[in-house]
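# Close look at the chain arrangement
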Amino acid sequence: MRPTALVSVHDVMPDTLPAVQGCLALLAQFGITRAALLVVPGAGWDDAGVAVLRELADAGHELVAHGWVHRTAPRSAWHRTHAALLSRNVAEHLALDRSGAIALTRRSRNWFADRDLPEPRTYIPPAWALGRLRGSALREQPFPVLESLRGVHLRDAAGAFRFVSLPLVGFEADTRLRAEVLGKWNRLQLRQARRRGRPLRIAVHPRDPELQLGQQLRAILGLGWTPISYASLCPVQGTAALCA
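Residues numbered from 1 in each chain as written. Predicted model: local features only at pLDDT ≥ 70, side-chain atom pairs only at ≥ 80, totals over all residues. Heavy atoms only, no water.

The next thing to look at is the packing of aromatic side chains. Counting across every chain of the model gives three aromatic pairs. When the centroid spacing of 6.1 Å and the interplanar angle of 50 degrees are considered together, the rings of W45 and W111 count as tilted. Pair noted here: W45 is in the loop between β2 (36-39) and α2 (47-58) and W111 is in helix α4 (residues 98-114), with a separation of 66 residues, a long-range link. Accessibility assignment for this pair places W45 and W111 in one class, buried. Ring-pair connections join several aromatic residues into one group, and the members of that group are W45, W111 and F112. (Phe/Tyr/Trp six-rings, centres within 6.5 Å; stacked < 30°, edge-to-face > 60°. Helix = DSSP H or I, 4+ residues; strand = E, 2+ residues; numbered from the N terminus. Buried < 20%, exposed > 50% of the residue type's maximum accessible area, 1.4 Å probe, protein only.)

Structural data, given as structure tokens:
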């Protein structure tokens, strides 16, 4: 049986669309013709850009809500540390309180409906940083599937959320140090996916094919994956959780 993967292309914005389409062409070379597209709603979309998103959705790609503007200003020591080590000032939720985080998710979802795009069922915050969007706040936000760095949160029929740990690989390494650390992380995550028999999350950013881990990206894509959607996670994992 071929291994399964959640393949996603991040940071889909008007100015990244050419690079995003290049990533989709690269995925297609490895037999991956459908991916989750992480759309940044507040990035200044015009009608032509929205039409491209509609075409991509019609082609079978899954539209996923990805924050609002994909940038923020750190307001705490933790946020500044997070920005320096990981997020580089894109982790919007770390600058928001509980009500602000919930409001952002609702605004993000409504953007798709207002433009007659398929309503996303999955929300992935920039840099996978949920911030205050935890505990009871999960019930108040509108998405049945949310993703964080360690895995996914799935809403069951009763409205409660269950966490499922899933390995994750990424390739956004624009320095030698990042490439070394992230390359080792990816090898570890790939081993965990094989050992645990769970889907591997393969996260591709628009510039990744040209960055320092481009070769590792291609090597992992070439391992023969069966792509699955975020909406299919519950039965795949065999949990009692059901996406409402």
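You will see that A127, though not glycine, has its phi angle at about 60 degrees, which is positive. When you line up the elements, A127 lands in the loop between β4 (122-123) and α5 (136-140). Since its relative accessible area comes to 15%, A127 is described here as buried. Here the phi dihedral of W128 falls at roughly 60 degrees; this positive angle occurs in a residue that is not glycine.

The next subject is the pattern of salt bridges. A full pass over the atoms with the stated rule returns three salt bridges. With a closest N to O distance of 2.6 Å, R98 and E140 form a salt bridge. Remark: E140 occurs in helix α5 and R98 occurs in helix α4; sequence separation between them is 42 residues. Given a relative accessible area of 31%, R98 falls into the partly exposed group. When the shortest N-O distance is used, the salt bridge between E180 and K184 registers 3.6 Å. Linking E180 with K184, this pair stays in helix α6 (residues 176-196), spanning four residues, or about one helical turn. A residue is classified by how much of its surface remains accessible, and E180, at 45% relative accessible area, is partly exposed. (Salt bridge = Lys/Arg side-chain N within 4 Å of Asp/Glu carboxyl O.)

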